[in-house]
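As a plain string of letters, each chain reads:
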Amino acid sequence: MDNQTVDRLNRLDDAITEWLRPDNHDLKEAIDRTVNQKLFSFEDVKHQILVLKKTLNKRDILRWAEPILKHDDKIEEKNILCLHAGNLPLVGLQDLLATIIAGHHYRGKISRKDPYLLPSLLKILAKKGLVEQNSWTTDLNDFAHQKAEAVLFAGSTNSVNDVFNELENMGIATSNTPALVRTADFSIAYIEDSALETMNQLAESVFRYGGKGCRSVAMVVAPFSLKSKKCGFTDYIEQFLMKAPQHDKAPPALYQRYAYNKAVGIDQAWLDNFLIEETDLRPSIPYVLHWVQGGKEKLGELIQKYSAGLQTVYVKDPTVQIDGVNPELLVDAQQPPIYWKPDGVDSVEWLLHLNEQK
Amino acid sequence: MPENTLQNTDFIFDKSLSFRGKAEKVYKFQRQNSPLYHTFSDHFSQPDSESFDPYSIPLLPIRAFKEAEVIVQNRKPELLFKSSGTGSLNRSKHLVGDADIYRRSIITEFTRYFDLSNSAILAYTPGYNENRHSSLIWMLNYLISKSGSDFSQFLPVGEPIDPALVQQIADKGEALILFGAAFGLMDVIEMGDADLPAGSVIIETGGMKTHRREMTKHELRHALAEGFQIPSENIHSEYGMCELLSQCYSIGSEWFKTPPWVDVTIRDPEDSTRICKPGEEGKIGIIDLANIYSCPFILTDDRGIVNEDGLFRVVGRWDSAELRGCNFLIDSD
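The sections below set out a description of the structure shown in this document. (Residues numbered from 1 in each chain as written. Chains lettered and ligands numbered in written order. Predicted model: local features only at pLDDT ≥ 70, side-chain atom pairs only at ≥ 80, totals over all residues. Heavy atoms only, no water.)

Digging into the overall build of chain B
Next up, step 1: On a plain count of helices and strands, chain B comes out with 9 helices and 14 strands.
Next up, step 2: In terms of C-alpha radius of gyration, chain B reaches 20 Å, essentially the compact-globule figure of 20 Å for 333 residues.
Next up, step 3: Structurally, chain B occupies a C-alpha span of about 60 × 60 × 40 Å along its principal axes.
Next up, step 4: Every one of the 333 residues in chain B was classed for burial, and the buried ones make up 56%.
Next up, step 5: Taking all contacts inside chain B whose residues are at least 6 apart in sequence as the whole, residues at least 24 apart take part in 64%.
Next up, step 6: When the accessible surface of chain B is split by element, carbon and sulfur atoms take 47% of a total near 14,700 Å².
Next up, step 7: Put simply, chain B has 33 plus and 48 minus side-chain charges, and the middle of one group is 5 Å from the middle of the other. (Helix = DSSP H or I, 4+ residues; strand = E, 2+ residues; numbered from the N terminus. Rg over C-alpha atoms; globule rule 2.2 N^0.38 Å. Buried < 20%, exposed > 50% of the residue type's maximum accessible area, 1.4 Å probe, protein only. Contact = heavy atoms within 4.5 Å. Areas by Shrake-Rupley, 256 points an atom, 1.4 Å probe, with all protein chains shown as cover. Lys, Arg positive; Asp, Glu negative; His and termini not counted. Charge placed at Lys NZ, Arg CZ, Asp CG, Glu CD.)

Set out below in structure tokens:
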């Protein structure tokens with residue numbers, strides 16, 4: 001364990017504490033601007049901040065940093081470009097923290113859809129010498145011809161080539177630059193009952209952030225049909241949406257899908273800006289929850305079929321075992337620990353072994 | 001006249017009638033006779049009956065052909081076409097209510113560009129007996145049967161084209177029209193000795209992604225021209241699918257032209273009622289009036305664009321996962 005790493009982690013912990021303090025006016029202003037500009041709803045930002053207050057503790061950071069702390073050799077510091085997504089508030093935070101924990105130089109392309117929240121932390125990190133001033137921007141052109149030695153980002157498989165073409169055109173990275181690309185885009189919940197707690201957790205896991213984000217549940221496997229639980233479940237959803245109204249309106253394609261389902265006889269529930277349908281199709285468009293009646297066998301089949309896009313399988317009961325995956329608890333769907341592994345990859349570990357990455 | 005049958009479907013191919021008028025007639029027929037389409041279209045604004053606009057007709061997602069029996073009520077199918085694919089669940093089924101309409105559609109559009117009476121059709125595809133449910137194979141079989149050449153035939157897949165056959169066609173003064181999927185034609189080139197007489201024509205029917213190496217259309221055209229030693233303006237493409245009874249051809253280019261009874265528009269994937277401007281990518285929307293007994297108003301999952309002249313190009317498949325998209329990468333604003 002080298003002193004530099006310990007010092008860095010201590011400064012990081014101080015920065016996070018300072019950032020999340022109730023009297024941090026910078027963060028408050030960032031939240032206000034985000035909400036006033038209708039980038040995200042107040043409820044979604046508040047939820048995210050509350051989750052971070054709970055999960056960004058020193059114990060978990062040290063747990064995440066364990067491979068770094070145990071690493072004997074000095075880590076060669078490299079320039080890491082993080083392309084932050086903007087579909088959820090602060091969704092890029094994990095990559096920023098991983099880069100700092102691993103001791104690399106952070107450079108961040110901040111999403112124009114979430115331009116205030118992360119910079120409110122970055123300013124404190126810069127003050128503490130953990131990132132450089134001007135190491136973040138919403139305009140990638142600002143990084144033109146500054147070679148990145150690794151790239152972290154998340155997005156659809158189809159977009160990977162476009163992203164690298166753009167980075168190559170800007171002289172930032174080439175197709176040979178090591179890249180940690182996360183492409184999973186949906187999660188599955190496996191439930192075995194329709195008890196109050198289960199349905200409330202299910203509603204939260206599906207409808208938080210309007211269903212966006214790869215941790216959001218887009219498919220539920222349950223032993224009962226949608227038809228049999230439609231009324232009850234929609235009551236839970238309504239209760240949830242009263243507390244956290246959906247921020248984004250669904251495009252007309254959603255209603256057109258409803259029309260289609262009606263025409264071909266697919267059972268469904270229409271919720272104005274959300275659709276629940278009884279199909280086992282791959283979740284592909286936002287605002288749709290696929291309801292699948294079945295047990296573990298059906299779940300296993302779906303996990304295998306959709307492994308390419310599947311992020312997480314959630315279970316209500318912690319004792320439930322699912323073949324081939326390590327399920328997470330449904331209650332944690334929208335409040336993951338900071339060390340969770342998107343696409344099964346620990347980003348700190350990945351950055352630690354950067355020289356071995358392709 | 002039974003309600004589910006039109007006394008005469010000649011109007012579909014009648015050039016003297018406007019597309020708008022024909023589309024209105026077919027739309028009303030569908031609304032009356034297809035409960036599936038009726039239910040679907042009920043959820044959209046109805047086209048104005050005073051000044052009917054075909055572009056306001058709701059387009060049914062093409063996956064209906066996988067998930068439902070798409071045929072007007074009480075009509076018995078004369079043909080059944082199935083899309084290629086593995087597993088019955090993933091295959092589209094087209095129940096064809098009137099085989100004559102398909103025959104007429106095939107001949108009318110093909111002879112708009114090619115002389116069937118003096119051409120030998122060579123189909124480098126599986127034969128009809130091996131794949132009776134393929135609409136493409138059915139079409140090729142029909143063209144072979146209607147061609148004026150004794151040399152028209154399905155070629156054995158996996159073997160090079162017999163140079164003696166090519167010579168015989170040339171000696172007879174017939175034009176040679178070679179049909180094949182892109183990957184199959186590339187295989188023929190790789191087998192060697194694939195030169196064709198200079199006036200020969202190649203019609204590729206898609207299937208680039210299944211080749212060992214993915215190619216752009218431009219690369220494919222260049223490779224086919226070079227491989228078969230014919231000018232690139234003789235490399236054409238056919239756009240068709242199991243769910244459609246009409247084909248579109250691109251003649252010597254990548255841009256497809258529709259038959260007079262077909263209309264293609266590009267639709268916004270987030271709102272199929274919005275028509276994209278020329279150059280804007282979206283889903284290919286098709287009105288194929290030859291589909292009168294199944295569904296003529298279809299939203300495909302193909303990604304395409306139209307140009308200012310109304311010709312369209314197929315760019316690839318619309319991967320809907322990117323609509324859900326976990327994240328946004330490099331902002332486009």
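Topic: the overall build of chain A
Next up, step 1: Helix and strand counts for chain A stand at 13 helices and 12 strands.
Next up, step 2: Against the 2.2 N^0.38 benchmark of 21 Å for 358 residues, chain A shows a C-alpha radius of gyration of 21 Å, consistent with a compact globule.
Next up, step 3: Structurally, chain A occupies a C-alpha span of about 60 × 40 × 40 Å along its principal axes.
Next up, step 4: Relative to all contacts within chain A whose residues are 6 or more apart in sequence, the contacts with residues 24 or more apart total 77%.

Here's the deal with the environment of Ala150(A)
Residues and elements named next belong to chain A.
Next up, step 1: Of note, Ala-150 is situated in strand 4 (residues 150-154).
Next up, step 2: On the basis of relative accessible area, Ala-150 is assigned to the buried category, the value being 0%.
Next up, step 3: Those residues in contact with Ala-150 that sit more than four places away from it in its chain are Asn-79, Ile-80, Leu-81, Thr-177, Pro-178, Trp-350 and Leu-354.

Quick look at the packing of helix 4 (residues 99-113) of chain B against helix 5 (residues 135-146) of chain B
Residues and elements named next belong to chain B.
Next up, step 1: Contact pair helix 4 / helix 5: the axes reach a minimum separation of 10 Å and the direction vectors enclose 65°. Between helix 4 and helix 5, the angle is such that the two are roughly perpendicular. Both helix 4 and helix 5 take part in a crossing whose hand is right-handed. Between helix 4 and helix 5, the contacting residues are Tyr-102, Arg-103, Ile-106, Ile-107 and Phe-110 on the first element and Ser-135, Leu-136, Trp-138, Met-139, Tyr-142, Leu-143 and Lys-146 on the second.
Next up, step 2: Grouping the amino acids of the contact of helix 4 with helix 5 by side-chain chemistry returns 9 nonpolar, 1 polar and 2 charged. (Axes fitted to C-alpha atoms, helices over the stretch in contact; angles between N-to-C directions. Parallel < 35°, antiparallel > 145°, perpendicular 65-115°, else oblique. Left-handed = near helix turned anticlockwise from the far one by under 90°. Nonpolar A, V, L, I, M, F, W, Y, C, P; charged D, E, K, R; others polar.)

A closer look at the pairing of strand 4 (residues 119-124) of chain B
Looking along a regular strand, one sees side chains alternate from face to face of the sheet.
Residue and element names in this part refer to chain B.
Next up, step 1: Most of strand 4 sits out of view: 6 of its 6 residues are buried.
Next up, step 2: Burial along strand 4 is two-sided: the face carrying Ser-119, Ile-121 and Ala-123 and the face carrying Ala-120, Leu-122 and Tyr-124 are both buried.
Next up, step 3: As defined by bridge partners, strand 4 adjoins strand 6 (residues 175-180) across 6 bridges and the pair is classed as parallel. The residue of strand 6 that forms the bridge with Ser-119 is Ala-175.
Next up, step 4: Of the pairings in the sheet, the one linking strand 4 to strand 5 (residues 153-154) comprises 2 bridges and is parallel in character. Across the sheet, Ala-123 pairs through a bridge with Phe-154, a residue of strand 5. (Pairing = 2+ DSSP bridges.)

As for the sheet that holds strand 12 (residues 328-329) of chain A
Residues and elements named next belong to chain A.
Next up, step 1: Ordered in space as 8-9-10-7-6-11-12, the 7 strands form an open sheet in which the pairing is mixed. Whereas interior strands pair on both sides, the edge strands pair on one side only; in this sheet they are strand 8 (268-270) and strand 12.
Next up, step 2: Bridge analysis of strand 9 (residues 275-277) against strand 10 (residues 288-293) gives 3 bridges, and the strand direction is parallel. Note that in strand 10 the partner of Ile-276 across the bridge is Leu-289.
Next up, step 3: Against the sheet, helix 10 (residues 226-243) engages strand 8, strand 9 and strand 10, with an angle of about 25° to strand 8.
Next up, step 4: Sheet strands in contact with helix 11 (residues 252-264) are strand 8, strand 9 and strand 10, and its direction is about 145° off that of strand 8.

What to know about the pattern of salt bridges
All names here are of chain A.
Next up, step 1: Per the counting criterion, the structure on display carries 32 salt bridges over all chains.
Next up, step 2: Here Lys-28 ties to Asp-32 by a salt bridge, and the two come within 3.7 Å at their closest N and O atoms. In this pair, Lys-28 and Asp-32 are both assigned in helix 2 (residues 25-36), 4 residues apart and thus about one turn of the helix distant.
Next up, step 3: Assessed through its relative accessible area of 49%, Lys-28 is described here as partly exposed.
Next up, step 4: Where Asp-60 meets Arg-59, a salt bridge forms, and the shortest distance between an N and an O atom there is 3.3 Å.
Next up, step 5: Among the ionic contacts, a cluster of salt bridges with common partners joins Glu-18, Lys-127 and Lys-128. (Salt bridge = Lys/Arg side-chain N within 4 Å of Asp/Glu carboxyl O.)

A closer look at the environment of Asn134(A)
Next up, step 1: Here Asn134(A) lies in the loop between helix 7 (117-127) and strand 3 (136-137).
Next up, step 2: Taking the C-alpha atoms as reference points, Asn134(A) and Ser175(A), 41 residues apart in sequence, are found 25 Å from one another.

Observations regarding the sheet that holds strand 8 (residues 235-239) of chain B
Remark on secondary structure: sheet strands pair via backbone hydrogen bonds, oriented parallel or antiparallel.
Residues and elements named next belong to chain B.
Next up, step 1: Spatial strand order, 5-4-6-7-8-9: 6 strands in an open sheet with mixed pairing. Two strands bound the open sheet, and with one partner strand each, they are strand 5 and strand 9 (248-250).
Next up, step 2: Across 3 bridges, the pairing between strand 8 and strand 9 is antiparallel. Its bridge partner lying in strand 9, Glu-238 is registered against Tyr-249.
Next up, step 3: Those strands touched by helix 8 (residues 217-228) are strand 6, strand 7 (201-204) and strand 8, and its axis lies near 145° from that of strand 7.

Comments concerning the pairing of strand 14 (residues 312-317) of chain B
All names here are of chain B.
Next up, step 1: The pairing of strand 13 (residues 297-306) with strand 14 spans 5 bridges and is classified as antiparallel. In the sheet register, Asp-302 faces strand 14, and the bridge partner there is Arg-317.
Next up, step 2: The loop that links strand 13 with its antiparallel partner strand 14 comprises 5 residues; one of these, Gly-310, has a positive phi angle of about 85°.

Looking at helix 7 (residues 182-191) of chain B
All names here are of chain B.
Next up, step 1: Burial in helix 7 covers these residues: Ala-182, Gly-184, Leu-185, Met-186, Val-188 and Ile-189.
Next up, step 2: Close packing links the buried residues of helix 7 with strand 4, strand 6, strand 7 and helix 8.
Next up, step 3: Within two residues after helix 7, Gly-192 carries a phi angle of roughly 90°, on the positive side.

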